[in-house]
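# Understanding the architecture of this molecule
The chain contents come next:
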Amino acid sequence: MSLSAVIIQAIDLENLIAEIYQLAAALAPDENIAGELTRLSGEERDHANLLRAGRNYHTRAPEAFGQPLLAKEELLSGLKAAQDLLVRIENKTLLLPQILGELIELESRFEKIHLHTLVEIQDESLKKLFQRLAGGDREHINRLARLLEIIK
């Protein structure tokens, strides 16, 4: 899988996670939790926009990137896990604590994906982009854990 294809898949993944956060917000027991989940959704959309900027940069300066280290299967597996979670939410088979637990697992996977991608980037400004994405994933994990403690 080319790096450009990896970035496109990652954009799709970020948008899918944003949608999951929105659905989770609709299930929240109070407006503070709903607000936090809505903010997380917006941040995932911001991540997708950052990746779009990275993709545009890759198109103009492909030498700034190396070859992607991450296996195609790893990315597709993460995308499938997110799609499966979305279906189970839509089918109302999960409670909010279960959804948050699975989101924590997904965010952990995405953090690893972003860190793996970071290793192969030559350009410092692009390294910062992927560091920001990985840091955002870590922050989301921490915020989700706090929300999970509140609703349990």
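In what follows, the accompanying structure is described. (Residues numbered from 1 in each chain as written. Predicted model: local features only at pLDDT ≥ 70, side-chain atom pairs only at ≥ 80, totals over all residues. Heavy atoms only, no water.)

### Considerations on the nonpolar core
- Core analysis: the largest hydrophobic core is formed by 33 residues, its most contacted members being Ile17, Ile20, Leu37, Leu100, Leu103 and Leu144.
- Secondary-structure elements contributing two or more residues to this core are α1 (3-26), α2 (31-60), α3 (72-90), α4 (96-119) and α5 (124-151).
- With sequence-adjacent residues up to four places away left out, Leu103 is seen in contact with Ile17, Ile20, Tyr21, Leu85 and Leu144.
- Ranked by size, the runner-up nonpolar core spans nine residues in total, among them Ile7, Ile11, Phe130 and Leu133. (Core = buried A, V, L, I, M, F, W, Y, C linked by side-chain atoms within 4.5 Å. Buried < 20%, exposed > 50% of the residue type's maximum accessible area, 1.4 Å probe, protein only. Helix = DSSP H or I, 4+ residues; strand = E, 2+ residues; numbered from the N terminus. Contact = heavy atoms within 4.5 Å.)

### Some thoughts on the pattern of salt bridges
- Under the counting rule described, the total for this entry stands at seven salt bridges.
- Glu36 is the partner of Arg39 in a salt bridge, and the nearest nitrogen-oxygen pair spans 3.1 Å. Of the two residues, Arg39 and Glu36 both sit in helix α2, three residues apart, roughly one turn of that helix.
- Taking relative accessible area as the criterion, Arg39 reaches 47% and is therefore assigned partly exposed.
- Note that Arg138 is salt-bridged to Glu111, the shortest N-O span being 2.6 Å. One end of the pair, Arg138, is in helix α5; the other, Glu111, is in helix α4, with 27 residues separating them in the sequence.
- Connected via shared salt-bridge partners are Glu36, Arg39, Glu43, Glu139 and Arg143. (Salt bridge = Lys/Arg side-chain N within 4 Å of Asp/Glu carboxyl O.)

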